[in-house]
Amino acid sequence: HHGSFERPDGARIHYVDTAPGSALPPVVLLHGITLQWWMWSSVIRELRDEARVIAWDMRGFGSSTAGSGLTIEAAAADLAALLDTLDLHDAIVVGHSMGGMELGRFAVDHAKVRRERVAGLVFLDTAARAGAGTLLTGGLVRLSPFTAKLAATGLVGRFRWHDNDLSI
């Protein structure tokens, strides 16, 4: 399912949700700079039967508009809005590269939303600040059944980056 929501500064944020409204555990995927939601297509394909997988286009990328500008702070606020808009609870949020930087800013700027809606954070190829260890560990522990499945398939390390046809 493709969806979008509006932000107060005029940005429209596009996302993909494999199981809207389901009771499956939510996993939210944040791409790195210059990429789009579909960079996660192989991961989505592997996890969608076991998790409600949500991937977005960061503001200004893919089908999302920039609104008043591209900043880490605005993207962090967009993530808080996504979690609220989709009414997610106990989400595992995975940030790759710049997505991890947004995730770190979210953890600091939107601590209340993080406490209410997020079970763990995972930073992939991101320079995280000291102190993120507890959040990172919690995210990896909660995500471990899914990562074990990915490792068992041999999928890790051989993503098809341009495969955006998931029939969602």
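The following paragraphs examine the structure supplied in this document. These figures come from a predicted structure and were not determined experimentally.

Let's talk about the overall build of the protein chain
And step 1. Helices and strands together make up the secondary structure of the protein chain, namely 5 helices and 6 strands.
And step 2. In the protein chain, the succession of helices and strands from N to C terminus is β-β-β-α-β-α-β-α-α-β-α.
And step 3. Across the 168 residues that make up the protein chain, the buried fraction comes to 47%.
And step 4. Here the analysis covers contacts within the protein chain between residues at least 6 apart in sequence; of these, 71% occur between residues at least 24 apart.
And step 5. For the protein chain, the computed accessible surface area is about 7800 Å², with 55% contributed by carbon and sulfur atoms.

Some remarks on the sheet that holds strand S2 (residues 12-17)
What holds strands together in a sheet is hydrogen bonding between their backbones, with the strands either parallel or antiparallel.
And step 1. Strand order in the open sheet made by the 6 strands is S1-S2-S4-S3-S5-S6, with mixed pairing throughout. Taken across any chain shown, the strands that pair with only one partner, and hence form the sheet edges, are strand S1 (2-6) and strand S6 (118-124). Between one strand and the next, the sheet's axes are offset by a mean angle of 20 degrees, whatever the strand orientation.
And step 2. Here 4 bridges tie strand S3 (residues 26-30) to strand S4 (residues 52-56), and the two strands are oriented parallel to one another. When the sheet's bridge partners are listed, Val 27 is paired in S4 with Val 53.
And step 3. The sheet contacts of helix H3 (residues 98-109) involve S3, S4, strand S5 (91-96) and S6, and relative to S5 the element is tilted by about 130 degrees.

What to know about the nonpolar core
And step 1. By size, the foremost hydrophobic cluster in this structure holds 29 residues, and its most contacted members are Val 28, Leu 79, Leu 82, Leu 83, Val 93, Leu 103 and Phe 106.
And step 2. Secondary-structure elements contributing two or more residues to this core are S2, S3, S4, helix H2 (72-85), S5, H3 and S6.
And step 3. Here this core takes 7 residues from H2, the largest share from any one element.
And step 4. Not counting residues up to four positions away in its chain, the partners in contact with Leu 103 are Leu 30, Leu 79, Val 93, Val 94, Gly 95, Leu 121, Val 122 and Phe 123.
And step 5. Listed in part, the 16 residues of the second largest apolar core include Trp 38, Trp 40, Ala 51 and Val 122.

A word on the side chain of Arg 52
And step 1. When you line up the elements, Arg 52 lands in strand S4.
And step 2. On the accessibility criterion, Arg 52 (6% relative accessible area) is buried.
And step 3. Within the structure, Arg 52 has its side chain in polar contact with the side chain of Asp 17 (distance 2.6 Å).
And step 4. When residues no more than four places from it in sequence are discounted, the contact partners of Arg 52 are Asp 17, Thr 18, Ala 19, Pro 20, Gly 21, Ser 22, Leu 24, Pro 25, Pro 26, Val 27, Leu 86 and Leu 88.

Details of the packing of H2 against H3
And step 1. At a minimum axis separation of 8 Å, H2 and H3 run at an interaxial angle of 75 degrees. Of the possible angle classes, the one that applies to H2 and H3 is roughly perpendicular. Within the contact between the two elements, H2 uses Ile 72, Glu 73, Ala 75, Ala 76, Leu 79, Ala 80 and Leu 83 and H3 uses Met 98, Met 101, Glu 102, Leu 103, Arg 105, Phe 106 and Asp 109.
And step 2. Class assignment of the residues belonging to the contact of H2 with H3 gives a composition of 10 nonpolar, no polar and 4 charged.

Considerations on the pattern of salt bridges
And step 1. With the rule as written, the count across this model stands at 8 salt bridges.
And step 2. A salt bridge links Asp 78 to Arg 7; its shortest N-O distance comes to 2.8 Å. With Asp 78 in helix H2 and Arg 7 in the loop between S1 and S2, the pair connects residues that are 71 residues apart, well separated along the chain. Each member of the pair, Asp 78 as well as Arg 7, is classed as buried.
And step 3. Here Arg 117 ties to Asp 87 by a salt bridge, and the two come within 3.0 Å at their closest N and O atoms.

Looking at the environment of Ala 74
And step 1. Note on placement: Ala 74 falls in helix H2.
And step 2. As a C-alpha pair, Ala 74 and Glu 102 span 28 residues in sequence and 8.7 Å in three-dimensional space.
And step 3. Other than its neighbours up to four places away in sequence, Ala 74 contacts Arg 59 and Gly 69.

Quick notes on the rules
- Residues numbered from 1 in each chain as written.
- Predicted model: local features only at pLDDT ≥ 70, side-chain atom pairs only at ≥ 80, totals over all residues.
- Heavy atoms only, no water.
- Helix = DSSP H or I, 4+ residues; strand = E, 2+ residues; numbered from the N terminus.
- Buried < 20%, exposed > 50% of the residue type's maximum accessible area, 1.4 Å probe, protein only.
- Contact = heavy atoms within 4.5 Å.
- Areas by Shrake-Rupley, 256 points an atom, 1.4 Å probe, with all protein chains shown as cover.
- Pairing = 2+ DSSP bridges.
- Axes fitted to C-alpha atoms, helices over the stretch in contact; angles between N-to-C directions.
- Core = buried A, V, L, I, M, F, W, Y, C linked by side-chain atoms within 4.5 Å.
- Polar contact = N/O pair within 3.5 Å; in protein donor to acceptor, adjacent residues only side chain to side chain.
- Parallel < 35°, antiparallel > 145°, perpendicular 65-115°, else oblique.
- Nonpolar A, V, L, I, M, F, W, Y, C, P; charged D, E, K, R; others polar.
- Salt bridge = Lys/Arg side-chain N within 4 Å of Asp/Glu carboxyl O.

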